[in-house]
Amino acid sequence: MKKRKKRHLAAALLLLLGGLSLTTFAACPLPRPAPLTGALPWASPPAEMALFQLPTGVTHRSAAFAYRGGSFGDRRDFAMTAVLVKHPRGDLLIDTGFGRDVDVHLQSMPFAFRAVTSYARTRSAAEQLDAAGYDRKALRAIILTHAHWDHVSGVPELAGTPVWVTAEERSFIRDGGMLSALLRSFPAVAYEEYGFEGGPYLGFPRSHDVYGDGAIVIVPAPGHTPGSVIVFVTLPTGARYAFVGDLVWQQEGITLREERPWLQRTLGDTDPSGVRDALLRMSAIAERFPAMTLVPAHEARGFAGVPKL
Ligand SMILES: [Zn+2]
Ligand SMILES: [Zn+2]
């Protein structure tokens, strides 16, 4: 009798786990959004403009961790890469990736996260800039796609460089609990807030054209964090990039319209429905303008064509 009870319990548990994994990790594409109309937005990037990647390390994950329908057997190194946008009016760094003290910085994260995070660090963004003989005075600001630990770990090594954030992200840094604790712990960060005074851009309702030439345009994409943004960059070659931060962790999130699995979005996203909205906007952009390179912050393939410094 006891044995039978145990067997029933085990079967129920298996069924529960099976159901959970099916509802959590199985493919479940979001409905296709209305097609985007209109031409590519105007841009007049100066000839001196250029883009470089500064890879600072990787975390070892699987596709299943990143998007619904991804396979557990599809092992992927998630990029931890900063991006240097050179512009004659002031260079910009999009995120910083891992800093040289990332081992210590990871301790700011919850135990469960640390337990499932294995990573390798290379050189920090500041170390790479210095090794290339880069004049730090040319660096106007760091644009954060959002304030999570893996995007800000290099901030202290670039002390004095303003950190551009939206008002919503600034509040998140101030009050956002564990997920913004690392940035909050850095002393004397020179925050500069910006707003979205510009009109609609590629289906996003508001925008901020950094230098007024259409070359670097930021749009609000709240959801992953309250003040998450997407940075669109247009080069003089005509090449266009969308640096989407952690809106999705791999390109399939956008191209297959697959959001993060339930557990990841519940623990990692402040507002999963906001993420869904921006994901669908990006999916409409990707369908209309397939030549645009989608660069989730942790997507190695997005950086493939971007030269190193
Ligand atoms: Zn994040
Ligand atoms: Zn991240």
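Everything numeric in this text was worked out from a predicted model, so none of it was measured. Residue positions are given per chain, counting from 1 as you read along its sequence in written order. Here the convention is simple: chains get letters from A, ligands get numbers from 1, in the order in which they are written. The predicted nature of this model means local features are confined to residues of pLDDT at least 70 and side-chain atom pairs, given and counted, to a pLDDT of 80 or more, with totals for whole chains, interfaces and linings taken over all residues. No hydrogens and no water enter the side-chain calculation; it runs on all heavy atoms of the structure.

Caption draft 1: Spatial organisation of the sheet that holds strand E9 (residues 216–220). Here 5 strands make up an open sheet; going across it, the order is E8-E9-E10-E11-E12 and the pairing mixed. The open sheet has two edge strands, strand E8 (208–209) and strand E12 (293–296), and neither has a second partner. Whether two strands pair depends on DSSP finding at least two bridges between them. The way it works is that DSSP assigns letters per residue, a run of H or I at least four long becomes a helix, a run of E at least two long becomes a strand, and they are numbered from the N terminus. The sheet contact formed by strand E11 (residues 240–245) and E12 spans 4 bridges and is parallel. Bridge assignment links Gly 245 to a residue of E12, and that residue is Pro 296. Sheet contacts for helix H11 (residues 272–288): strand E10 (229–234), E11 and E12; angle to E10, the most-contacted strand, approximately 20°. Here a residue-residue contact requires only that any non-hydrogen atoms of the pair lie within 4.5 Å. With axes taken as lines fitted to C-alpha atoms, and helix axes fitted only over the stretch in contact, angles between N-to-C directions fall between 0 and 180 degrees.

Caption draft 2: Structural context of H11. Helix span, as expected, comes to 1.5 Å for every residue beyond the first. Taking 1.5 Å per residue as the helical rise, H11 with its 17 residues ought to reach 24 Å, and the 24 Å between its terminal C-alpha atoms agrees with that figure. Turning to H11, the residues buried within the fold contact E10, E11, helix H9 (252–255) and E12.

Caption draft 3: View of the environment of Phe 72. Mapped onto the elements of the fold, Phe 72 is located in the loop between helix H2 (63–66) and strand E2 (75–86). Whether a residue is buried, partly exposed or exposed follows from its accessible area with a 1.4 Å probe, protein chains only, as a fraction of its type maximum: under 20%, in between, or over 50%, in that order. Judged by its relative accessible area of 53%, Phe 72 is exposed. Taking the C-alpha atoms as reference points, Phe 72 and Met 178, separated by 106 residues in sequence, lie 28 Å from one another. In contact with Phe 72, not counting residues within four places along its chain, are Phe 25, Ser 62 and Ala 64.

Caption draft 4: Representation of the coordination of the zinc ion (ligand 2) in the model. The rule for donors is simple: N, O or S, within 2.8 Å of the metal, or within 3.2 Å if the metal is Na, K or Ca. Water isn't counted, so a site may look like it is missing partners. Protein-derived ligands of the zinc ion (ligand 2) are Asp 150 (OD), His 151 (NE2), Asp 246 (OD) and His 298 (NE2), with the metal-ligand distances lying across 2.0 to 2.3 Å. Classification of the site at the zinc ion (ligand 2) rests on its 4 donor atoms, whose angles at the metal span 84 to 160°, yielding the label irregular. Summarised as a motif, the one-chain spacing of the donors to the zinc ion (ligand 2) is D-H-x94-D-x51-H. Sites are called tetrahedral only when four donors show all angles between 85 and 135 degrees, square planar or octahedral only when four or six donors show opposite pairs over 155 degrees and all other angles between 65 and 115, and irregular in any remaining case.

Caption draft 5: Quick look at the nonpolar core. The term nonpolar core refers to a set of buried residues drawn from Ala, Val, Leu, Ile, Met, Phe, Trp, Tyr and Cys, joined through side-chain atoms within 4.5 Å. In terms of nonpolar packing, the biggest core is built from 36 residues, with Leu 93, Val 155 and Leu 183 touching the most fellow members. Here this core gets 4 residues from one element, more than from any other, and that element is E2. Residues in contact with Leu 183, not counting those within four places in the same chain, are Leu 144, Ala 147, Val 152, Val 155, Ile 173, Val 189 and Tyr 191.

Caption draft 6: The arrangement of the pairing of E10 in detail. Most of E10 is tucked away: 6 of the 6 residues are buried. Residues Val 229, Val 231 and Val 233 of E10 are buried on one face, and the alternating residues Ile 230, Phe 232 and Thr 234, pointing to the opposite face, are buried as well. Note that E9 and E10 share 5 bridges and pair antiparallel. Looking across to E10, one finds that Ile 216 is bridged to Val 233. Bridging between E10 and E11 involves 4 bridges; their strand directions are antiparallel. Bridge pairing links Val 233 to Tyr 241 in E11. The hairpin formed by E10 and E11 contains 5 residues between the paired strands, and Gly 238 there has a positive phi angle of roughly 95°.

Caption draft 7: Molecular detail of unusual backbone geometry. Although it is not a glycine, Ala 188 sits at a positive phi angle of roughly 55°. By secondary structure assignment, the location of Ala 188 is in the loop between helix H8 (181–185) and strand E7 (191–194). Overall, the relative accessible area of 79% leaves Ala 188 in the exposed class. Backbone geometry places Arg 257, a non-glycine residue, at a positive phi of 55°.

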